[in-house]
Amino acid sequence: MHCWSIILAAGSGTRLSEATNGVKKQFLEWKGAPLFWHSAITFSHTTRMRGLIFVFPEEDIEEATNTLKNLDFGRRLGLPWKVIAGGARRQDSVYNGLQALPKECTHVLVHDAARPFFSAALSNTLLDSLSEGAQAVIPAIPVTDTIKVTQNNTVCHTLDRSTLRACQTPQGFDKKMLIDVHNKCNEEGWEVTDDASIAEQAGFTVEMVEGEATNCKITNPEDLAMIESKEPPMPI
Ligand code: CTP
Ligand code: MG
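Sequence order as written defines the numbering, with residues in each chain counted from 1. All chains are assigned letters beginning at A, and all ligands numbers beginning at 1, according to the order in which they are written. Note on the predicted model: pLDDT of at least 70 is required for a residue's local features to be given, and 80 or more for side-chain atom pairs to be given and counted; whole-chain, interface and lining totals, by contrast, use all residues. Computation of side-chain values covers all heavy atoms of the structure but excludes hydrogens and water.

1. Focus: the site of ligand 1
At step 1: Residues in close proximity to ligand 1 total 18 residues, the closest being Gly 13, Thr 14, Arg 15, Ser 93 and Lys 217.
At step 2: Here an oxygen atom of ligand 1 sits 3.1 Å away from a polar atom, N or O, in the main chain of Ser 12.
At step 3: Contacts described as polar in this section are N or O atom pairs within 3.5 Å, which, within protein, must combine one atom able to donate a hydrogen with one able to accept it, while residues neighboring in sequence count only if both atoms come from side chains. Within the side chain of Lys 217, an N or O atom sits 2.6 Å from an oxygen atom of ligand 1.
At step 4: The accessible surface values rely on the Shrake-Rupley method and a 1.4 Å probe; as for residues, cover is taken only from the protein chains in view. Relative to its unbound accessible surface of 560 Å², ligand 1 loses 88% to contact with the protein.
At step 5: For this classification, the nonpolar set comprises Ala, Val, Leu, Ile, Met, Phe, Trp, Tyr, Cys and Pro, the charged set comprises Asp, Glu, Lys and Arg, and every other residue, Gly included, is treated as polar. Residues that form the shell around ligand 1 fall into these classes: six nonpolar, six polar and six charged. One heavy atom within 4 Å of a molecule or strand makes the whole residue count as near it.

Encoded structure:
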């Protein structure tokens, strides 16, 4: 197995931009380094990780690359890395990331830089599952809220909570399969919010491992309190 990770940091953080004065969340400073760097450090502590692709907004590439070079001075990550430009939607950024993977890469973890709290143990569990033959594997946790399907502010029906799971990243895939299903996704015009959805729609089995309750995504202004109060999973 030869695994790389794609760290997605090419979003515009619109839901947070008012609270951050326009700073995109992946570039917010947390304990002395931008948010995206914390995911890179955690991957660098993941056994069997062979390299990283950072996906940044086109307009931020130069500055983000310089930041990365400074942070990785003395090869602190101990991994090769590349920087590429993202696309308009998350799925376009993943697609671009997939094109940048080296030929020898056989498996890939796709991760949102907006989830800086995941552990190296979680990525190791995902890699274990891939090495045992899973084509797609995602971390998920039980849902604690009651979830209803609604329309026009009226409840249509209530879902059976015992079958529901909240899904996280990193998500692990066989590289060839993920490239094939992303091509199909583009041909069919599917709109998705994660990569497992593409594999599912293309008919592949997506396996699940226990996610981490602490592996939250920074999305809304109230989530900023998490980066103020929490300690990073790894020293930077
Ligand atoms: N992302 C990306 N390319 C995009 C959109 C999103 O790489 N075109 C990344 C984000 O940087 C983030 C992750 O995908 O790490 C999850 O997306 P989300 O939480 O929706 O972040 P944003 O799209 O930046 O935020 P918003 O939807 O509020 O604009
Ligand atoms: Mg978004």
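From this point, the discussion proceeds with the structure in view.
2. Some details on the side chain of Asn 124
At step 1: Mapped onto the secondary structure, Asn 124 falls in helix α4 (residues 120–131).
At step 2: Apart from residues lying up to four places away in sequence, Asn 124 is in contact with Thr 46, Thr 47 and Arg 48. Each helix is a run of DSSP H or I of at least 4 residues and each strand a run of E of at least 2, with the numbering of both proceeding from the N terminus. Working rule for contacts: check all heavy atoms of both residues, and any pair within 4.5 Å makes them a contact.

3. Looking at helix α5 (residues 175–188)
At step 1: Expected span of a helix, by definition, is 1.5 Å for each gap between consecutive residues, and there is one gap fewer than residues. The terminal C-alpha atoms of α5 lie 20 Å apart, and with 14 residues this matches the ideal 20 Å at 1.5 Å per residue to within 8%.
At step 2: As for α5, its buried residues are in contact with α3 (90–99), β6 (107–112), β7 (136–142), β11 (171–174) and α6 (195–201).
At step 3: Where α5 begins, the capping side chain belongs to Asp 174, and its oxygen is found 3.2 Å from the backbone nitrogen of Lys 176.
At step 4: Positive phi shows up at Gly 189, right after α5, with a value of about 70 degrees.

4. Re the environment of Ala 120
At step 1: Turning to its location among the elements, Ala 120 is positioned in helix α4.
At step 2: A relative accessible area of 8% places Ala 120 in the buried class.
At step 3: Expressed as a C-alpha distance, the spacing of Ala 120 and Thr 47, which sit 73 residues apart in the sequence, is 8.3 Å.
At step 4: Leaving out residues up to four positions away in the same chain, Ala 120 has contacts with Thr 42, His 45, Thr 46 and Met 234. Relative accessible area decides the class of each residue, using a 1.4 Å probe on protein chains only: under 20% of the type maximum gives buried, over 50% gives exposed, and in between gives partly exposed.

5. Focus: the nonpolar core
Nonpolar side chains in soluble globular proteins generally cluster together in the buried interior.
At step 1: With 28 residues, the main nonpolar core has Phe 36, Trp 37, Met 49, Leu 52, Phe 54 and Leu 109 as its most contacted residues.
At step 2: The element that contributes the greatest number of residues to this core is helix α1 (residues 35–44), accounting for five residues.
At step 3: Those residues in contact with Leu 52, other than ones at most four positions away along the chain, are Trp 4, Ser 5, Ile 7, Ala 40, Phe 43, Leu 77, Leu 79, Pro 80, Trp 81 and Lys 82.
At step 4: If you look at the next biggest cluster of nonpolar residues, it comprises 24 residues, including Leu 8, Ala 10, Ile 84 and Met 177. Put simply, a nonpolar core is a bunch of buried Ala, Val, Leu, Ile, Met, Phe, Trp, Tyr and Cys residues held in one set by side-chain atoms that sit within 4.5 Å of each other.

6. Observations regarding the pairing of strand β4 (residues 49–56)
At step 1: The buried fraction of β4 is high, at seven of eight residues.
At step 2: The pairing of strand β1 (residues 3–8) with β4 spans six bridges and is parallel. Counterpart to Leu 8 in the pairing with β4 is Val 55.
At step 3: The pairing criterion is simple: DSSP has to find at least two bridges between the two strands. As paired strands, β4 and strand β5 (residues 81–85) are joined by five bridges and run parallel to one another. Paired with Val 55 across the bridge in β5 is Ile 84.

7. Remarks on the side chain of Arg 115
At step 1: Relative to the assigned elements, Arg 115 resides in the loop between β6 and α4.
At step 2: At 2.7 Å, the side chain of Arg 115 forms a polar contact with the backbone oxygen of Asn 215.
At step 3: Leaving out residues up to four positions away in the same chain, Arg 115 has contacts with Ser 39, Cys 167, Gln 168, Thr 169, Asn 215, Cys 216 and Lys 217.

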